[in-house]
Amino acid sequence: MKKIITAVLAIIMALTITVSVSAAQFVESITNKGAPQLIVIDQLNGKDVVGFITNPDGEKVATEFLDCFIITSVADAKTDDKIPADAKDILLKVYGELLEGDKLSEVCPELNDIVKEKWDKDKDADDLVIKDLFDISGECTDIKDHLNGENILELTFKVGVDADTFITAMVYVDGKWVPVVDCINNGDGTVTVQFDKICPVAFLVPGTTTNSSTVSPATSDVSGVILWGSVMFVSLAAAVAIVIFRRKVNG
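Just so you know, the residues in each chain are numbered from 1, in the order the chain's sequence is written. With pLDDT at 70 or above as the cut-off, local features in this predicted model cover only qualifying residues; side-chain atom pairs require 80 or more to be listed or tallied, and sums for whole chains, interfaces and linings still use all residues. Side-chain numbers here rest on the full set of heavy atoms in the structure, without hydrogens or water.

Draft legend 1. Looking closely at the pairing of strand E5 (residues 69-73). When accessible area is computed with a 1.4 Å probe and restricted to protein chains, residues below 20% of their type maximum are described as buried, those above 50% as exposed, and intermediate ones as partly exposed. Helix and strand labels come from DSSP, where a helix needs a run of H or I of at least four residues and a strand needs a run of E of at least two; each type is numbered from the N terminus. Among the five residues of E5, four are classified as buried, and the element is accordingly described as predominantly covered. Two strands pair under a simple rule: DSSP has to find at least two bridges between them. Two strands pair when backbone bridges link them, and E5 and strand E6 (residues 128-138) are joined in this way by five bridges, in the antiparallel orientation. Along E6, the bridge assignment pairs threonine 72 with aspartate 135.

Draft legend 2. Representation of the state of the cysteines. Our working definition of a disulfide is a cysteine sulfur pair at a distance within 2.5 Å. In total, this model carries one disulfide according to the counting rule given. The side chain of cysteine 68 participates in a disulfide bridge whose partner is cysteine 140; the two sulfur atoms lie 1.8 Å from each other. Its S-S torsion of about -85 degrees marks the bond between cysteine 68 and cysteine 140 as left-handed, since a negative value means left-handed. Within this pair, whereas cysteine 68 is found in the loop between strand E4 (60-65) and E5, its partner cysteine 140 is found in the loop between E6 and helix H6 (141-146), the two being separated by 72 residues in sequence. Neither cysteine 68 nor cysteine 140 differs from the other in exposure class; each is buried.

Draft legend 3. Inspection of the pairing of strand E11 (residues 190-195) at higher detail. Counting buried positions over the six residues of E11 gives five, a clear majority of the element. With six bridges connecting them, strand E7 (residues 152-158) and E11 associate as antiparallel partners. Residue pairing in the sheet places lysine 158 in a bridge with threonine 190 of E11. Here strand E10 (residues 182-185) folds back onto E11 in antiparallel fashion, the turn holding four residues, of which glycine 187 has a positive phi close to 85 degrees.

Right, here's the structure in full:
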């Protein structure tokens, strides 16, 4: 009987570790939430302006309009027919990789310095979780022409974070995650982000609170399935152990 109990406890520990690792990256259910909303900052010729592209001298080289962008969340990627096929494939690919549970300090080492400088010198990237994961695709020619690696695109998103919440972002460029040029919490539930590329984007916040609520490090659909599957498996194993024990006692 002791051997059986030991085996069941080992299974419980193993499954607990599995769930923790697979769920260590995300806040809320990434597969159930939409992408952050782009904020309109002006009107020009009857069109909604959402940002500007500037050159290294800070001069505006292009005005960007809302209808030039396709913003797609992981939740919408599989069904949205607007996102380009290659962008969809990359977004789902990076989601799967992040879900596997690699440490954020390893996924994007540069985040460690950003965390220590802008949030807490005693923290690092592993103290963050991914609040939003989405793709930005540009439909207008001027975006592709002007966003050449030297110029900067500035956009503002509605993300629903408190004024005092630390938030940063990373983008997936050329097969790896790198920090955005800058990410500023505006104190009104929006953040302004500067990009030198548009591609998959992840917003990151401290892993304990967001929008005045305490949250678990993750509750993605996949991790939920793993969790409940684990509970069922452990319950079955415990029931089998009890039956065997009773047979031995009664035998």
